[in-house]
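Here is what each chain is made of, one letter per residue.
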Amino acid sequence: MLIDTHCHLVDRYVPENEIPGILQRARDSGVGAMIIASADPDDPEKVIAMCNRHDNMYAAIGIHPHCAGAACSYEKLLNHPRVVAVGEIGLDYHYPSPQSGAETSPAARNKQQIELFRAQMDIAKKHGLPVAIHTREAESDTAEILCAPEYDGVAGVMHCYTSGLDLAKKMLDRGFYFSASGIITFKNSDEIRDVFRQLPTDRILVETDAPYCAPVPYRGKNCEPAMVRDTAKVLADVRGIPLAELENILMENTRRLFPKMT
């Protein structure tokens, strides 16, 4: 069985009437469970509602850095039995946050993101939940926050990991996991594949980040959980092991990081 550890099925690019077909294709592809991540401030309630309708769905509840400035009003949902993580949270300095006005300076925008990130790390520690981390062009600040003494004991995954070995080594020391997305199947992703070749076997996960990052041979199409098998096949080749063996490793790793799934 494969587990898609990060997908966005309440995303605006996923029409609700397509969900039954998406779930059937996931079952046909051997995907037995999936973690539905929230991003926008209005996602958490939708994610919980979807998990309530499907017994193989779990939730990661959080606010994406692009929504910096939003209030963390989701804390009341974290005791739900299907909420396994706080996420996705983190830093993204590539694009300005839509909540920030055009006149806001990059430094001020980054400060807003850092404040939101820290607030959500505080929530994760309070509730004893792991975190799903997004980082883009913000590796130094991301590592500084995640490695801060006040967050000792907070477990997590570097979701859709595309950074280098330097950040990976820091986060390995912190006990973090690393999730491969469809990006590792891209022709120009040799460096990312090399990172996943070197990571410890007991620290790797797999995801789709659907509807984004569709793997080869689906590039240009909306990604969906069924496609996690294509990513897992490439990851198995990178690791030099049979896919069936990798499936067992991924399932064990996923359940270790997200104990509420066991």
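Predicted model, so just to flag it, every value in this text is computed and none were measured.

S.K.: Help me get a handle on the packing of aromatic side chains, residues and values and all.
M.R.: For the structure shown, the criterion picks out two aromatic pairs. Ring geometry for Tyr13 against Tyr212: centres 6.2 Å apart, planes inclined by 90 degrees, an arrangement best described as edge-to-face. Of this pair, Tyr13 sits in the loop between strand E1 (2–7) and helix H1 (19–28) while Tyr212 sits in the loop between strand E8 (204–206) and helix H7 (228–239), and the two are 199 residues apart along the sequence. For Tyr13, a relative accessible area of 41% gives the class partly exposed. Under the relative-accessibility criterion, Tyr212 is labelled partly exposed at 32%. Taking 5.0 Å as the distance between ring centres and 80 degrees as the angle between the ring planes, the aromatic pair formed by Tyr161 and Phe178 counts as edge-to-face. Of this pair, Tyr161 sits in the loop between strand E6 (156–158) and helix H5 (165–173) while Phe178 sits in strand E7 (residues 177–180), placing them 17 residues apart in sequence. The class of Tyr161 is buried, set by a relative accessible area of 3%.

S.K.: Requested: an account of the sheet that holds strand E2 (residues 31–37), with residues and values cited.
M.R.: Within a sheet, each strand pairs with its neighbour through backbone hydrogen bonds, oriented either parallel or antiparallel. The strand order across the open sheet built from eight strands is E1-E2-E3-E4-E5-E6-E7-E8, with neighbouring strands paired in parallel fashion. Looking at strand neighbours, the two that pair on one side only are E1 and E8, the edges of this open sheet. Across this sheet, the average inter-strand angle for adjacent strands is 30 degrees, counted without regard to direction. Here two bridges tie strand E3 (residues 57–60) to strand E4 (residues 83–92), and the two strands are oriented parallel to one another. Paired with Ala60 across the two strands is Ala85, which belongs to E4. With respect to the sheet, helix H2 (residues 43–53) is in contact with E2, E3 and E4, its orientation differing from that of E3 by roughly 165 degrees. Lying on the sheet, helix H8 (residues 243–257) is in contact with E1, E6, E7 and E8; it crosses E8 at an angle near 100 degrees.

About the thresholds
- Residues numbered from 1 in each chain as written.
- Predicted model: local features only at pLDDT ≥ 70, side-chain atom pairs only at ≥ 80, totals over all residues.
- Heavy atoms only, no water.
- Phe/Tyr/Trp six-rings, centres within 6.5 Å; stacked < 30°, edge-to-face > 60°.
- Helix = DSSP H or I, 4+ residues; strand = E, 2+ residues; numbered from the N terminus.
- Buried < 20%, exposed > 50% of the residue type's maximum accessible area, 1.4 Å probe, protein only.
- Pairing = 2+ DSSP bridges.
- Axes fitted to C-alpha atoms, helices over the stretch in contact; angles between N-to-C directions.
- Contact = heavy atoms within 4.5 Å.

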